[in-house]
Each structure stands twice: as structure tokens, then as C-alpha cells.
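The lines below spell out each chain.
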Number of protein chains: 2
Amino acid sequence: MKSIPIILLGCGGVGRQLLHHIISCRSIHYKQGIVIKVVGVSDSRSLLVSDDIMLTGMEDEFLAAICHAKSAGSPLKSPLNLGHCRLFTEKEAVEKIVATASSLGGTTGLAVVDCSASAETIDVLKHVSSLGSCVILANKKPLTCAIEDFEKLAFHFRRIRFESTVGAGLPVIASVTRLISSGDPISRIVGSLSGTLGYVMSELEDGKAFSEIVRAAKSLGYTEPDPRDDLSGMDIARKGLILARLLGWRINLADIKIESLYPSEFGPDSMSTEDFLAKGLSHLDEKLKERVATASLKGNVLRYVCVIQDLRCNVGIQELPKDSALGRLRGSDNVVEIYSRCYEKSPLVIQGAGAGNDTTAAGVLADIIDLQDLFA
Amino acid sequence: MKSIPIILLGCGGVGRQLLHHIISCRSIHYKQGIVIKVVGVSDSRSLLVSDDIMLTGMEDEFLAAICHAKSAGSPLKSPLNLGHCRLFTEKEAVEKIVATASSLGGTTGLAVVDCSASAETIDVLKHVSSLGSCVILANKKPLTCAIEDFEKLAFHFRRIRFESTVGAGLPVIASVTRLISSGDPISRIVGSLSGTLGYVMSELEDGKAFSEIVRAAKSLGYTEPDPRDDLSGMDIARKGLILARLLGWRINLADIKIESLYPSEFGPDSMSTEDFLAKGLSHLDEKLKERVATASLKGNVLRYVCVIQDLRCNVGIQELPKDSALGRLRGSDNVVEIYSRCYEKSPLVIQGAGAGNDTTAAGVLADIIDLQDLFA
Ligand SMILES: NC(=O)c1ccc[n+]([C@@H]2O[C@H](COP(=O)([O-])OP(=O)(O)OC[C@H]3O[C@@H](n4cnc5c(N)ncnc54)[C@H](OP(=O)(O)O)[C@@H]3O)[C@@H](O)[C@H]2O)c1
Ligand SMILES: NC(=O)c1ccc[n+]([C@@H]2O[C@H](COP(=O)([O-])OP(=O)(O)OC[C@H]3O[C@@H](n4cnc5c(N)ncnc54)[C@H](OP(=O)(O)O)[C@@H]3O)[C@@H](O)[C@H]2O)c1
């Protein structure tokens, strides 16, 4: 049996789902000759580490109890029975992770899995990576910081995986990586990478008013608590940046042209979420209606996409042919079109649900298993 | 630098394109810290092996010369200047391959790449696999023989790759493998896995007569020399079998229900290709026309697909909703829809060109690079 010890950073929706997946896949992985040992779990405040790292990792009952407590809103330390684990505070945590990486990283192997939503994990990730550990991310932030930091992480390219940062479990990063290593030069990637904005754009196409669509989406729970977090395009820009950097481009978030779906005078600094929903939004209806109509006259539809082409990454509304994969898109699926020498006239298309804890955590788990050859 | 020694079986359209890709990707792979060393190339008659296996493999000029001679129709031995290579006859070839595998397989690693179209490579592939070598296939036949043979090859699952056997370079096998290892149970795979039949079905949808479509496809070079090789569905059944076996099903080709697009009385045993095209075909027009019309009344379209579901694999014409990924398909792209827990209502869809030497060889090369961690 091959053992893959992991330390999980972040125990929110995705992190907990990952622990559940690991537990429920025990027999599948056993048949593949693999055991995933969870040796540490952290949240924003503390880190729990199994005292018995080399032997068993934490027991499944214990992992389930952690999930149960965390989803009830308790911090990691209480009210759990600590078993054979030790709790470290935020400050000690980094030291402990680095110590574990330096004892396991270059030998049996260790994987540090970032399911946090924090920009602050970058330092510990760079450190453990330099010590020979594997790094797996659902968290986009460490990959969208300064290019120098990205390059330090990506330098050990065989030891890092980040499928779930773009399109959740959809095999986008894996497919782009395959094309690159087969020498098939990618000339263009266009993606609808937000389920929320995919939904908004297809409702707009059906003639509904923007303000109504956004209000409905918010009440259906499709948006972030403040829908402007979706409408700003920032999250999509991070995904575009990750794809562009994967292509070897040395660009930063500031180099991406982002078209926000609301003007800055309706931003969070000027207006509460309630005011935005009740008043601000309706001012945007007319202009979008006109754009939809203009596009439609040309047989086109509007999509909110990320376009990566000619060393530029742009995020915003584009007019696209109705009969392309992106043009046909309805609802909240993500779609990515990849154009290359092999997929020149007709792109390689990957489509499916691009968000949700289940698929995101499944993508992280597939990444962990994909790294198995690096473990003893 | 990591060195990946390969022996290539088959030097036809795909095999030669692979050699070209390897040569033109030298600098990309060099940046990734990888050198692919071609230590042997075979065709149906003989095997050329570099005498100097551990040092350099064959030189790029020499590989280019092999391709040039083979594409001009010469066998491997003449008129090449053999350089530091030795030529083995068909019988000696297997011994030489096994000897190379046993000296490299368990240590530095060796990859045997099957780009032949032969069912006879299975024995040497099983042998080298048991000796620790990696096996990469574009050739479907060794994977669609008896289940026992398949299982012997697939037993060393981390050392085998066969992306290009289904949908050429499209990341179908890689995506299914990811879903399996993340414990996301696949409930259904539906694929349009033949560019030729994809084209035929979308032309039928446009109201053209079957006989005309097939004759036009043949004259455009879209079909095999005898179009019945496409219309029989046999090639798609092999692809379906590979997918079903990947899901862990212990089935054989004989267990697959295949709907041929021509009746057995029009088969190659009863009728020449010319007679089939000139006379046989037109007898099939009426019935297909009716089926298209019946489907259309229900808002459906006909697609020639492989359906893998409930432990059954069926190949043939299916009525599918016009607004599904498969229903919207036009032209010769392949499309695969994968349904699982994570992709339940809306499937994971992968679409793009599913044939051609360039994309097939690129898929093989991506498989080779994907195995890099197993090489010294
Ligand atoms: N959900 C999706 O559909 C999806 C899809 C793709 C990618 N992602 C990404 O996956 C990540 C996790 O998403 P989520 O929905 O699970 O978020 P979440 O529910 O907000 O959970 C975030 C977790 O990270 C922890 N955390 C915060 N700062 C930390 C730090 N410095 N060190 C360690 N842990 C820290 C939090 O701790 P506390 O519990 O103490 O607050 C919390 O447990 C995010 O980066 C998100 O963008 C999510
Ligand atoms: N082309 C595509 O689009 C595509 C897509 C997916 C998969 N594939 C698969 O890829 C494989 C190669 O296709 P292709 O188009 O390159 O075929 P091809 O042009 O017919 O070439 C076949 C090659 O295999 C050699 N060969 C035959 N028997 C052999 C044996 N026992 N040992 C070693 N070599 C042997 C042949 O030798 P000679 O030169 O002496 O005849 C020839 O060089 C096939 O299995 C095909 O199904 C092709």
C-alpha cells in the first residue's frame, strides 16, 4: 500500500466535503493500493495535528467529528475530544506544518491541500514546496498573487495541482496541461467561468431585465451575499490569470482588463448591498437591454467571458455566435473553448457544473490521487 | 534531466506523426526537464534498435529519415543508412523488445508505445508490462481482446495510458479516470465517437438521402476505403468497450449490442464495395428517412452513439433531445457526455475533433509525458 499523508488548510464548505469524500472513497482507493492519511487539519485560528503522523493519520470518526463541529460553527479546538492529536495556535501552526514537510517532504512525501479562502497561505505553501512536498489548491489566491510567488510555486510543476481553481472539478487545467506537453500551441481560450454570470446572461437573452434577474438569482441563493462580488468579474479574472500563467505568460491581475457589470459609483464603498439591489441595479437595465438587442440583430448573443489570446487576458461581455458552444450555453454550466493547432476550426470544448462543494472537493481529491507516483 | 526511453510499435500515419511531434517538442520538453529517447521503431516486418540505448537513442535526423522512407512506402530496412542501429526481423524483434524491457523496465524505465493497427502486439505488451515497463496505446485492439488480457495490461494501471484510443487527443479517458479516483460514480456515458457517423447523422437530419451522404463522404475521403468499416459500428464498439472496462466492467466485445447501418446481406461477404455503393446503399434510404421524421415529430434527432449504462454497452442509432450536447452536434466532431453524482442533471461534456494523425499523436505524446514521474 502507498500512503499519501495530507495536511488540509481550511475546513469550510470545500474542505469538509473533501474530508467526507476521503472517508467514503476508502475502499475505492484501497483497491488502487492507496491510503490517504489526514495528518493535519487547520482553520483560520488553529491547526490540529495527529501525534502519530507516520502510522495512521487521524481516524475517520475523528475527521467526521471535526466536520460536524466545524459545520455547527465551532472553532477547531472545542468541543472535540482531541484523541491522539495536538492543537496548535495560528502562530505555531505554520512552524508545525513546515516541520512536518521537512520530515516527510523529500522522503515518503507530504501533500499540503489548500481549501482555505485566504491569500495568506502563500508563504507556507512556497516553503513546503521547496522542502519537497506536494501542493494542491482549490484556493485561487496563492496562484493569483505576484508572478514571482506563482513562479516559485509552479517551479515544482510536477508536485503542484490546482484543477479546482478553474471550473471546479471540470478537467480544464488537466486538459490545457496535456495540450502544452504535447506541443500543441494554444492560441485562444474563451471561457464562461461563473455559473452566476452564465445564468444572468442567458436570462438576459430571454428578454428579462437585468435588475430582476440579479434579484431573483440572489433570492435563489445563486449569488454571493453581496451580488457585486459576482458582478465585478474579479473572481473570473483570477481564473483567467491562472489559465494565462499556465500558458507561461508572466502577467499579473493588474494586467487583466475587467469589465464590471456595475459602475464604480454603485460600488460597495458608495452604496450598501440593499441600496444596490433596491435602487442601483435598475439603472443598468436599459443599456444591457440595448446591447442584447444589437447583438441579436447580428445573430449573436452576449456572454460574460474570459478571453485569453495574443498575450492578453480580457474579462467582460462579448458578442459570440449563437451557434458556438458558448453561444448555446444555457443556465449555470461553465464552458471552456480551447483553440490550438489540433483544435483550430472547431475548439476543444469542456462543459459542465463549475461550482459546488461536491464537485470542487472531488476535483481536489482527483488531484491528490493523480500525484500518487510521488509517494512512497 | 529525466530521460524517457521509448520503443515505438507501428510507423504508419500516427507513428510517424508521433516521431515528428517528439522532434519538434524537444525544446518544450527540455524546459520541463525531459528528454524522450527513441531507442526502437518497428513496422509489421522489422524492428530498428539503437545500439546505444542508454546514451542517446536515435538521432533526430535519423528518425526523420525513417519517417520519410516509411511514408514513401519503403520497409524499415532500406534504403536507410543504419547509423548506430541494428535491424531485427519480425521474429527477433519481440525478443529484443523484451530484452530491452527487462534491462530498463524496472530501473530507469522504458515505455513501449503501440501505434500499430495490429491485434498481435498484446503478447509483447503484457510481457513488457510485467517487466515494469510503461505501455501507451493508440491501438485499440490490445485493449479490446479477451477480458483476461485487458486485465493483465490494466493491472499495472499507473503504468498504462491509452487516451488516444477513444476520441483521439480529446481528454476522455483522463477525465473518466479523474472521476473514478475522486469517487464520483459514473452512471452513464453517451458518446458520438465516430467523425464519419457524426457527419452522416447530421446530414440525415438536414433531409439528405443516406445513400447520397455516404457516397459524398466516401468521395471526400471521410470514410474508410470500404465505408462499411465505418457503418458497421465495430470501431465505436471497441471504443465503448474500452470505456466500459475502464469503469471496471468485465465485459467482452461479444457482449456489446451493435446496430450496423447496413444489413448482413449487404456485407462484404455478399457484395463488393462498388456494388454496395452503387446498389445496396439506396435500399436503406427510405427507412432511415422515416426514422428521422418520427424522431423530429418528438423534437428529437437521431445520433449514432455508444451508450454505457446499467452494465450494458449499446452501439447504434438513438433518439436524443435536440437541445442536448449530442443533439446540437453538427459535422464531424466527437462528443462525450458523462453523467455522475457531480454531473447528474447536466452532464460533463467533452467535445472536439476525435480523429486525425496530428491530434492522435499529440494525445499519445501527452500520455508519455504524463508518465514522467516513473522515469529516472
Ligand atoms: N465552493 C465552491 O464552489 C468553490 C469552487 C472552486 C473553488 N473554491 C475555492 O475553495 C476555497 C474554499 O471555499 P469554501 O467555499 O470552502 O470557503 P469557506 O467555506 O469560506 O471556508 C474557508 C475555510 O478556510 C479557513 N481559513 C481562512 N483563513 C485561513 C488560513 N489563513 N489558514 C487556514 N485556513 C484558513 C476558514 O477558517 P474558519 O473556519 O476559521 O473561518 C474556513 O474553514 C476558496 O478559496 C474558494 O474560492 C470554491
Ligand atoms: N489515425 C487516426 O485518426 C487514429 C485515431 C485513433 C486511433 N488510431 C489508431 O492508431 C493506430 C495507428 O493508426 P494509423 O492510422 O497510423 O495506421 P496505419 O497508417 O495503418 O499504420 C499502422 C502501422 O502499424 C504497423 N504494424 C502492423 N502490424 C504490426 C505489428 N505486428 N507490429 C508492429 N507494427 C505493426 C504497420 O507496419 P507496415 O508499415 O509494415 O504496414 C504500420 O506501420 C491504429 O490502431 C488506429 O486504430 C488512429
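Each residue is numbered by its place in its chain's sequence as written, counting from 1. All chains are assigned letters beginning at A, and all ligands numbers beginning at 1, according to the order in which they are written. Local features are withheld for residues below a pLDDT of 70 in this predicted model, meaning they are given only at 70 or higher, and side-chain atom pairs are given and counted only at 80 or more; totals for whole chains, interfaces and linings count all residues. Water and hydrogen atoms were dropped before computing side-chain values, which therefore reflect all heavy atoms in the structure.

Trainee: Could you clarify how one ought to interpret the packing of aromatic side chains in this entry?
Mentor: In this description, an aromatic ring pair is defined by two values, namely the gap between the centres and the angle between the planes. All names here are of chain A. Planes of paired rings set the category: under 30 degrees apart is stacked, over 60 is edge-to-face and the rest tilted, where pairs are Phe, Tyr or Trp rings (Trp by its six-membered ring) whose centres lie within 6.5 Å. The full count for this structure, using the stated rule, is four aromatic pairs over all chains. On the basis of an interplanar angle of 70 degrees and a centroid distance of 5.7 Å, the ring pair of Tyr 262 and Phe 276 is categorised as edge-to-face. Pair noted here: Tyr 262 is in the loop between strand E9 (257-258) and helix H12 (273-280) and Phe 276 is in helix H12, with a separation of 14 residues, a long-range link. Elements are defined by DSSP. Helices are runs of H or I of four residues or more, strands are runs of E of two residues or more, and each kind is numbered from the N terminus.

Trainee: Just to check I follow, could you spell out the pairing of strand E2 (residues 34-42) of chain B for this structure?
Mentor: Remark: a regular strand shows side chains that alternate across the two faces of the sheet. All names here are of chain B. Exposed residues in this analysis have more than 50% of their type's maximum accessible area, buried residues have under 20%, and partly exposed residues fall in between, with area computed by a 1.4 Å probe over protein chains only. The element E2 is largely enclosed, with a buried count of eight among its nine residues. Here, a strand pair is defined by DSSP locating no fewer than two bridges between the strands. One ladder, built from three bridges, connects E2 with strand E3 (residues 46-50); its direction is antiparallel. Note on E3: the bridge partner recorded for Val 41 is Leu 48.

Trainee: Can you help me understand the pattern of salt bridges in this one?
Mentor: Where charged atoms from two side chains of opposite charge come close, those side chains can pair. All names here are of chain A. The working definition used for a salt bridge is a side-chain nitrogen of Lys or Arg within 4 Å of a carboxyl oxygen of Asp or Glu. By the definition in use, this model includes 38 salt bridges over all chains. Note that Glu 203 and Lys 208 form a salt bridge whose closest N and O atoms lie 2.6 Å from each other. Of the charged contacts, one joins Glu 319 and Lys 298 as a salt bridge, the two residues approaching to 3.1 Å between their closest N and O atoms. One end of the pair, Glu 319, is in strand E11 (residues 312-321); the other, Lys 298, is in the loop between helix H13 (285-297) and strand E10 (300-309), with 21 residues separating them in the sequence. Look at Glu 319 and you get partly exposed, because its relative accessible area is 30%. When salt bridges with common partners are traced through the structure, they connect Glu 205, Asp 206, Arg 303 and Arg 330 into a single cluster.

Trainee: What am I meant to see in helix H6 (residues 147-155) of chain B here?
Mentor: Each turn of an α-helix holds 3.6 residues, which means side chains three or four residues apart point in the same direction. All names here are of chain B. Among the residues of H6, Ile 147, Asp 149, Phe 150, Leu 153 and Ala 154 are the ones counted as buried. Viewed end-on, H6 has its buried residues packed into an arc of 160 degrees, placing them on one side of the element. Of the exposed residues in H6, the ones pointing more than 90 degrees away from its buried face are Lys 152 and Phe 155. The elements touched by buried residues of H6 are helix H5 (122-130), strand E7 (160-161) and helix H11 (234-246). Think of it as the arc spanned by the lines of direction from the helix axis to the C-beta atoms. Only heavy atoms matter for contacts: two residues are in contact if any of them lie within 4.5 Å across the pair.

Trainee: Please clarify how the site of ligand 1 should be interpreted in this entry.
Mentor: Residues and elements named next belong to chain A. Contacts to ligand 1 come from 21 residues, most closely from Val 14, Ser 44, Lys 70, Ser 116 and Gly 356. In the environment of ligand 1, an oxygen atom lies 2.7 Å from a nitrogen or oxygen atom belonging to the backbone of Val 14. N or O atoms within 3.5 Å of each other form a polar contact, as long as, within protein, one can give a hydrogen and the other can take it, and as long as residues adjacent in sequence are counted only when both atoms are side-chain atoms. Ser 44 has a polar side-chain atom sitting 2.5 Å from an oxygen atom of ligand 1. With residues, only the protein chains shown are counted as cover, and all accessible areas are computed by Shrake-Rupley using a 1.4 Å probe. Contact with the protein chains removes 70% of the 920 Å² of surface that ligand 1 exposes when unbound. Only helix H1 (13-24) and helix H15 (357-370) provide two or more residues apiece to the shell around ligand 1. Note on residue classes: Ala, Val, Leu, Ile, Met, Phe, Trp, Tyr, Cys and Pro are nonpolar, Asp, Glu, Lys and Arg are charged, and everything else, Gly too, is polar. Residues that form the shell around ligand 1 fall into these classes: six nonpolar, twelve polar and three charged. Consider each residue's heavy atoms; a residue with any of them within 4 Å of a molecule or strand counts as near.

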